[in-house]
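Listed here are the chains, written in short residue letters.
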Amino acid sequence: MESTADRIIAAAEALFYEHGLRSVGVEAIAERAGVTKRTLYNHFDSKDALIAAYLRARDSATVERYRNWLGDRALPLTERITHLFAALARHAAHPRWRGCGFTRAAVELAGQPGHPAVQMAARHKTRFVGWLEQEFRDAGACDPARLAAHIALLIEGAIARMLIHGDTASALSAGEAALTLVIADRNAAPERKARAPEYTEE
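These numbers were taken from a predicted model, which means no experiment stands behind them. (Residues numbered from 1 in each chain as written. Predicted model: local features only at pLDDT ≥ 70, side-chain atom pairs only at ≥ 80, totals over all residues. Heavy atoms only, no water.)

K.L.:
Lay out the pattern of salt bridges with the relevant residues and their values.
P.N.:
It is possible for side chains bearing opposite charge to pair when their charged atoms get close. Enumeration over the complete set of coordinates arrives at 11 salt bridges. A salt bridge links Arg-73 to Asp-138; its shortest N-O distance comes to 3.2 Å. Of this pair, Arg-73 sits in the loop between helix H4 (47–70) and helix H5 (77–92) while Asp-138 sits in helix H7 (residues 116–138); the two residues are 65 residues apart in sequence, bridging distant segments of the chain. Accessibility expressed as a relative area gives 44% for Asp-138, which makes it partly exposed. (Salt bridge = Lys/Arg side-chain N within 4 Å of Asp/Glu carboxyl O. Helix = DSSP H or I, 4+ residues; strand = E, 2+ residues; numbered from the N terminus. Buried < 20%, exposed > 50% of the residue type's maximum accessible area, 1.4 Å probe, protein only.)

Given below as structure tokens:
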């Protein structure tokens, strides 16, 4: 059974994602959750605390969505990365899509670097790159950290362009660039191996 706190967070998530953090008041969230404003404040000390809880709830779900988009680990990484960006394009085509909630929160509150939402967004983005790096390492990438950093930038750029232009082709273009990076990393592996110094006993 869904707890009162979970119901409040779900209501906050729907409203914050649709309308932004600043424009949504706690009264609207309480009404949507079917609780009183007093009950909301009994569970969350402030609106900022509720914003942090909303983003915390999205953290694992967001990584899991991208994990599903990346797909079967038995497939070649080239195929998986193409699948990820194609899935991003399909996801962004939904009329209620508003981009990445973490990025939007950080942009909306850019003038408040100490805000819990900005800190939460930074931690999420770091965790996301770390997850990508592990996926690429497990897939045998030559330089998984570099590859993860570059592909995370392509994802962010694709999302930004789709929000601005409303054209999901940006995700497909980013996918083509990501595929080039994956192929370059794969081709670099034999070259690095060939240049590695031979072990000799002193």
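K.L.:
Could you give an account of H5, naming the residues involved and the relevant values?
P.N.:
Here H5 contains 16 residues, and its C-alpha end-to-end distance of 23 Å stays within 8% of the 22 Å for a straight helix at 1.5 Å per residue. Here H5 has its buried residues at Leu-77, Arg-80, Ile-81, Leu-84, Phe-85, Ala-87, Leu-88, Ala-89 and Ala-92. (Expected span 1.5 Å × (residues − 1).)

K.L.:
Before we move on, could you go through empty space enclosed by the protein and cite the residues and values that matter?
P.N.:
For the structure on display, the rule yields one cavity of 30 Å³ or more. Taken together, Phe-16, Tyr-17, Gly-20, Leu-21, Tyr-54, Gly-101, Arg-104, Ala-105 and Glu-108 make up the lining of the largest cavity. For the lining of the largest cavity, the secondary-structure elements that each account for two or more residues are helix H1 (4–19) and helix H6 (101–108). Of the residues assigned to the lining of the largest cavity, the class counts are five nonpolar, two polar and two charged. (1 Å grid on protein atoms, 1.4 Å probe; cavity = no way out; pocket = protein on both sides within 12 Å on 5 of 7 lines; lining within 4 Å. Points joined across faces, edges and corners; volume = space filled by probe spheres on them. Nonpolar A, V, L, I, M, F, W, Y, C, P; charged D, E, K, R; others polar.)

K.L.:
An account of the nonpolar core is requested, with residue identities and associated values reported.
P.N.:
Counting residues in hydrophobic clusters, the biggest one holds 60 residues, and the most contacted among them are Ile-29, Leu-88, Ile-151 and Ile-155. The element that contributes the greatest number of residues to this core is H4, accounting for 10 residues. In contact with Ile-155, not counting residues within four places along its chain, are Tyr-66, Leu-84, Phe-85, Leu-88, Phe-128 and Leu-132. (Core = buried A, V, L, I, M, F, W, Y, C linked by side-chain atoms within 4.5 Å. Contact = heavy atoms within 4.5 Å.)

K.L.:
Describe in detail the side chain of Arg-58, supporting the description with residues and values.
P.N.:
Along the polypeptide, Arg-58 turns up in helix H4. With a relative accessible area of 11%, Arg-58 lands in the buried category. Beyond its immediate stretch of four places on either side in the chain, Arg-58 contacts Glu-13, Tyr-17, Gly-101 and Phe-102.

K.L.:
Describe the layout of surface pockets, with residues and values.
P.N.:
When its volume is computed, the largest pocket comes out at roughly 380 Å³. As for the largest pocket, its lining consists of 24 residues, and the residues nearest its centre are Tyr-17, Arg-58, Arg-65, His-91 and Gly-99. At the level of secondary structure, the elements contributing two or more residues to the lining of the largest pocket comprise H1, H4, H5, H6, H7 and helix H8 (144–165). Of all the elements, H4 adds the most residues to the lining of the largest pocket, at five residues. The residue makeup of the lining of the largest pocket, split by class, is 11 nonpolar, six polar and seven charged. Around the second largest pocket, the lining comprises 14 residues; the ones closest to its centre are Pro-76, Leu-77, Ala-139, Gly-140 and Ala-141. Put simply, the parts of the chain that give the lining of the second largest pocket at least two residues each are H5 and helix H9 (169–195). Here the residues of the lining of the second largest pocket sort into seven nonpolar, two polar and five charged.

K.L.:
How would you explain the packing of H4 against H5 if you had to name every residue and give the values?
P.N.:
Here H4 crosses H5 at 125°, and the two axes come no closer than 7 Å. Considered as vectors, H4 and H5 are oriented oblique to each other. Seen from H4, the contacting residues are Arg-65, Tyr-66, Asn-68, Trp-69 and Leu-70; seen from H5, they are Arg-80, Ile-81, His-83, Leu-84, Ala-87, Leu-88 and His-91. Here the residues of the contact of H4 with H5 are counted per class, giving seven nonpolar, three polar and two charged. (Axes fitted to C-alpha atoms, helices over the stretch in contact; angles between N-to-C directions. Parallel < 35°, antiparallel > 145°, perpendicular 65-115°, else oblique.)

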